[in-house]
Amino acid sequence: MILALLFAIILTACQTPALHSINNKELANRQQEFLRSYQSDINAISAKTFKRIEHQYRKAHLSTRNKQQNYDILVLSGGGAFGAFGAGFLKGWGKVTKTNYTRPQFDSISGISTGSLIAPFAFIGTPEAYDRIINFYETAKEDWVRKRGIIP
């Protein structure tokens, strides 16, 4: 009896759920729904960003007249191990002393792949944060990643 129950459990574990197929009309409807949702999200993000920029501008405009207003955005690319270059570049940029070329305190940061690992540290923007991300790339260990077989 126990053997039969065990066998039944093993067999049910090997089943894959039935796939739900959709026709072209339903796919087109879902695409339109997705695009509306996506556009709504983009509009919300844009409105929030605009409000923040406007707030910063008004705050700066009230405190100092005729001063140039900047909204500093940093976009970090991917590139695997080349993320170490990006981290090192940001740290080195912090050593620049010529006024028009100094690293700003970024208002917005975005990153993809390894750039997304650097982004939070760049947003914090302290020397300690830059040291931590440099240390991350300098002390990478082989056991942080493992190869998967054919069936992960």
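Before reading on, note that the structure itself is shown above.
In short, a report on the structure.

### Observations regarding the pattern of salt bridges
For step 1, the next point in the chain: Tallied over the full model, the rule gives 2 salt bridges.
For step 2, the next point in the chain: One salt bridge in this structure joins Glu26 and Arg30, with 2.9 Å as the shortest N-O distance. Of this pair, Glu26 and Arg30 both sit in helix H2 (residues 24-63), 4 residues apart, which is roughly one turn of the helix.
For step 3, the next point in the chain: Given a relative accessible area of 29%, Glu26 falls into the partly exposed group.

### Brief notes about the packing of aromatic side chains
For step 1, the next point in the chain: By the definition in use, this model includes 5 aromatic pairs.
For step 2, the next point in the chain: With a centroid separation of 5.8 Å and 50° between ring planes, the pair formed by Phe89 and Trp93 is classed as tilted. In this pair, Phe89 and Trp93 both sit in helix H3 (residues 83-93), 4 residues apart, roughly one turn of the helix.
For step 3, the next point in the chain: Judged by its relative accessible area of 23%, Trp93 is partly exposed.
For step 4, the next point in the chain: Considering the side-chain rings of Phe136 and Tyr137, the 5.1 Å spacing of their centres and the 80° angle between planes classify their relative orientation as edge-to-face.
For step 5, the next point in the chain: An aromatic cluster of three or more residues is present, and its members are Phe85, Phe89, Trp93 and Phe106.

The rules behind the values
- Here the residue index of a chain counts from 1 through its sequence in written order.
- Where local features are concerned, this predicted model is filtered to residues with pLDDT of at least 70; where side-chain atom pairs are given and counted, the filter is 80 or more; whole-chain, interface and lining totals use all residues.
- Side-chain numbers come from the whole structure's heavy atoms, not from hydrogens or water.
- Only one rule defines a salt bridge in this text: a Lys or Arg side-chain nitrogen within 4 Å of an Asp or Glu carboxyl oxygen.
- Only runs of H or I of at least four residues qualify as helices and only runs of E of at least two qualify as strands under DSSP, and these elements are numbered from the N terminus.
- Remark: exposure states derive from per-residue accessible area (1.4 Å probe, protein chains only) relative to the maximum for the residue type, with buried under 20%, exposed over 50%, and partly exposed in between.
- Only Phe, Tyr and Trp rings are paired, with Trp represented by its six-membered ring, and only when their centres lie within 6.5 Å; those with planes under 30 degrees apart are stacked, over 60 edge-to-face, the remainder tilted.

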